[in-house]
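# Structural description and commentary
Letter by letter, the chains look like this.
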Amino acid sequence: MRPGRIIAAALALAIAAPAAADSLLPPAEWANKQLPDPRQEAQARDLMEEVRCLVCQGQSVADSDADMASDMRSHIRRRIAEGETPAQIRAWLVERYGNWVTYAPPVDGMTWPLFVAPVILLGGGLWLARGRFRRRKKM
Amino acid sequence: MIAEAGLAALWFAAALSLLQMGLGWAAVRPGNDNLLRLVRPLAVAQGLLAGISFLALIWLFLETDLSVKLVVANSHSDKPWLYKFAGAWGNHEGSMLLWVTVLAVAGGAVALLERKLRKDTLIGTLAAQATISLGFYAFLLFASNPFERSPVIPIDGQGLNPLLQDPGLAFHPPTLYFGYVGISVAFSFAVGALVTRDVGRDFAQAMRPWVLGAWIFLTLGITAGSYWAYYELGWGGWWFWDPVENASLMPWLAATALLHSVTVLATRDALRAWTVMLAVVAFSMSMIGTFLVRSGILTSVHAFAVDPQRGSFILMLLCLYIGGALALFALRVSTVREGAPFRVVSREGSLVLNNLLLTIILCLVMLGTLYPLLTEAFGTKISVGPPWFNTVSAPFALLLVIFMGMGPLLKWRKDDGNKLLKRVAVPLLLGAATALLIVIVAPDVHLLPMLGLAVAVPVALMSLMPLVGRNLRRTPLIIWGMVAAHFGIAMSLAGMASESAFSKEVLVSARPGQVSEIGPFTVRFDGAEPVAGQNWTAIAGRMTVRRGEGEEFVMLPEARMFSDPVTATSEAAIETHWDGQLYTVIGEPDGQGAWQLRLWWKPAVTLIWFGGSLVAIGGLLALLGRVMRRRSARKSVTDEAEGVPGREALA
Amino acid sequence: MKLLIIASILLVVVLVGGFAALRRLYPDSKAVAWLAESKTRPILFVPLALFLLIGGFAAYKLSNPGDTFIRSRLIGKELPAFTLPEALPNRLPVRRADFGRGEPRMINIFASWCVPCIAEAPQLMELARRGIPIDAVAIRDRPEDIARFLGQWGDPYRNIGADRDASLQLAIGSSGVPETYIVDGGGIIRYQHIGAINPSDMTRLTEEFEKARR
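Below: a short report on this structure. (Residues numbered from 1 in each chain as written. Chains lettered and ligands numbered in written order. Predicted model: local features only at pLDDT ≥ 70, side-chain atom pairs only at ≥ 80, totals over all residues. Heavy atoms only, no water.)

### A word on the pairing of strand E5 (residues 552–555) of chain B
All names here are of chain B. Of the two faces of E5, the one lined by Phe553 and Met555 is fully buried and the one lined by Glu552 and Val554 carries no buried residue. The sheet contact formed by strand E4 (residues 536–547) and E5 spans four bridges and is antiparallel. Bridging across to E5, Met543 finds its partner in Met555. Linking two consecutive strands that pair antiparallel, namely E4 and E5, is a turn of four residues; a positive phi of about 55° is found at Gly548 within it. (Buried < 20%, exposed > 50% of the residue type's maximum accessible area, 1.4 Å probe, protein only. Helix = DSSP H or I, 4+ residues; strand = E, 2+ residues; numbered from the N terminus. Pairing = 2+ DSSP bridges.)

Structure below.
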């Protein structure tokens, strides 16, 4: 499946190249620079891996080469360095882009089945399997 | 001429498959095997014709016959011959032809080789196989003819995407197709057996080599795909839970479950209905995967060149086959007798648990992949990504791996739980010690990688224990295969956990001469230099690297710009050591003499793919073992080895 | 969507019901007995029903692919506070204080390196000619490039701010270049247009702008 990803990336680039040429400005300050405090950097790293890149659609901002992704990395690192918590920054982004922007869906009216499913599947599966074993013992 | 010959062969093959299907379904009655003598050669001839058609396409590509549209669009006269060859299936039409060819050849092989199965069931199987191929023949002939001539003959072809000109990528798709086709054969066996109500040990034994073969290819495909993502994308990631990746993972999960349940059926004649169900599910997963990837309904930039019309065709076939099979299942499965009894603590019990956990993970992966589509239909866009997938699937996956270690230590039918616990006490203690050690030494490590390592260590040990007390020279290949595959899984898990727990990252904006430290390495950036290839130019960053006091070596990551079509790629330079990989990427210049460098030290990361390859090798050993055993069984009249508890292993 | 779900459920009901009816009507028929034995239970049709649901849904998605736009959630909410430097030495920057003074305004997000921005330039000129005040935010751009772009394709803008690190873009929930926002006289964001403004979008934009005036 992987070549699919790469072919498509290539196609996307080829098509997008004239439409969205790259900006000539160098990347923003914190786009590719780690925060001096390793704890903060780890926090920022975790958040960046979870925030979805707005222009590439299939990648997190942590592993995208797009300009906008690097701006978002810089944005996240700067705010972490200023003392904001990842939860605050995530909430700020969700306020603007909706839950689409985070790869970690929150539990709400729309997403609860995602979180109930493991329990239901386990329960249902055990019930099926248990019926099987019991019947055996009777025999 | 060649193109017309190929097309004619394709039409003939389609006609034969129609005949095979009609005759097969008309003739299939329990106990009726009159027409087998007719259906068998039909299947073989169909396989041959499809093969000829595919060879014709290869010929056209090798010759760069520019009167054929497909060649013009996907080849070029001065491409290396390897890529002319691979270009034949590096496109939609060619890949469908390859698919149907493998399908037809596999059908022919079933007809030729299968001797043990009841004859009426074999007719049903071949009829089902012909039904599947017929759908794909129709797709090829009416919607994507690979042999279409072009009205004008251009001076040269348009060339193959430069990114596909990589030996690995060229052979990746066929690997997955072989896997899908193997699963479709298993599906045909299941349909045949449902029709004649012949779900039993012979059926399972006929199906098993195909499942095993398919599973080997799927394992290889996923392992290799993950490694290519790792080195091609330039960010050091190896799995993103991307829809396209999930589409290849789901058939693997289903095939793994099927592989284990078919073993229970073949050995102990239990789990009949469930095995049939799994065969249907596995086939659906491979079809759904293809559908998702080619239809473009998952709006991912990572999809194939997509086409909704092709998508609807695949969807139609999918509904016909899977819907039909599920209806047949609903109507018939209650007539399948319950198999042999067993206790909870037994080899069968552990395999039921294995199937349960694999199925849960499969359902979760599918749910997570499709759920955003569902909410979108109700007007809300959400993303479901790695945090959710990791959190919900990891508990089940870790449990699964633990039971994978313990299962083979149990006897068939019933065993003593306390005895098992005594046997695995040492590994379990070791696992607890690992967890404790990580918590003390590296308290920053997240919970999941910590648990991953704490599970991988004892399970690696446990998976070797079936060899304890055996005469290694007389141990059957099947046991070796199982041990290798299980050990490979533990190894891969260790790699994943270690990569996630201990990776070091350094991002620097470096001027020539600047030295950075990463993990045990010192990296000196010597500057950027231009490099040129046949159809690309690049900037290479020269780095002199030294590990501790060891010898210096040079690494040259490149930022490449392909000319036709214009494509920028990042070629990471990767240095492999026994205990991990140093992964370096060169990024953009800042305009003032400094270059962005991304450096990662990933301890034990190679275990992920070594483990995956070991799993595939294990599968291969088991398959060899099966084939050899079948041969010797055919020679000797009695088949003693099969079904004797303890000697039989899950493959 | 609902139709499809109902249709697939109906299909399953008809299948199962029809099968049950057949069995009742022809209890002795060999054909029916060959199809399935009397033990067939409705619960066994659950996998089929589930599959048909998914299939129906996939068919629906194929015919209604939907758009890939990520719309801002701030529509109907107040324009957030921001400060941007001026993009050109001789022009005023875009300021938050200019908005919400009783008059609606447009904000056009553009860049000199963006090709669709060239395509929408005539439409923006037309909007400006109709007296609509348009402020511009230049994304990741250099003054000399902006000046060249405006010289070449026309300059419909009142003020131009420079957003060198997408900070305003993120603050107002914009996900690309070009985009156009309408902010009403009370400083509330009323409308977001994603992508280049084509001639066919003009009516809608003018309408939305008139609505924001009220």
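Next, the rest of the story.
### As for the sheet that holds strand E9 (residues 580–589) of chain B
All names here are of chain B. Reading across the sheet, the four strands line up as E1-E10-E9-E8 and stay open at both edges, with antiparallel pairing between neighbours. Lying at the two open borders of the sheet, with one neighbouring strand each, are strand E1 (504–510) and strand E8 (573–577). Going across the sheet, the axis of each strand differs from the next one's by a mean of 15°, ignoring polarity. On top of the sheet, helix H16 (residues 477–502) reaches E1 and strand E10 (595–603); it is set at about 130° to E10, its chief contact. (Axes fitted to C-alpha atoms, helices over the stretch in contact; angles between N-to-C directions. Contact = heavy atoms within 4.5 Å.)

### Notes on the pairing of E4 of chain B
All names here are of chain B. Bridge analysis of strand E3 (residues 521–532) against E4 gives 11 bridges, and the strand direction is antiparallel. Counted as the bridge partner of Ala532 is Thr537 from E4. The loop that links E3 with its antiparallel partner E4 comprises three residues. For E4 and strand E6 (residues 558–562), the ladder comprises five bridges, and the chain directions are antiparallel. Bridging across to E6, Ala540 finds its partner in Glu558.

### Looking at the packing of aromatic side chains
Two aromatic rings are characterised by how far apart their centres lie and by the angle between their planes. Scanning the entire structure with this criterion turns up 23 aromatic pairs over all chains. Taking the centre distance of 4.6 Å and the plane angle of 15° together, the rings of Phe139 of chain B and Phe313 of chain B count as stacked. In this pair, Phe139 of chain B sits in helix H6 (residues 119–143) while Phe313 of chain B sits in helix H11 (residues 308–332), placing the two residues 174 residues apart along the sequence. No difference in accessibility class separates Phe139 of chain B from Phe313 of chain B, as the two residues are buried. With 5.5 Å between their ring centres and 70° between their planes, Tyr227 of chain B and Tyr231 of chain B make a pair best called edge-to-face. Pair noted here: Tyr227 of chain B and Tyr231 of chain B are both in helix H8 (residues 201–233), with a separation of four residues, about one helical turn. Within the aromatic cluster, the residues linked to one another by ring pairs are Tyr227, Tyr230, Tyr231, Tyr583, Trp600 and Trp609 of chain B. The ring of Trp92 of chain A has Arg79 of chain A sitting right over it, with the charged end atom 4.3 Å from the ring centre. Over the face of the ring belonging to Trp235 of chain B we find Arg598 of chain B, whose NZ or CZ atom lies 3.6 Å from the ring centre. (Phe/Tyr/Trp six-rings, centres within 6.5 Å; stacked < 30°, edge-to-face > 60°. Lys NZ or Arg CZ within 6 Å of the ring centre and 35° of its normal.)

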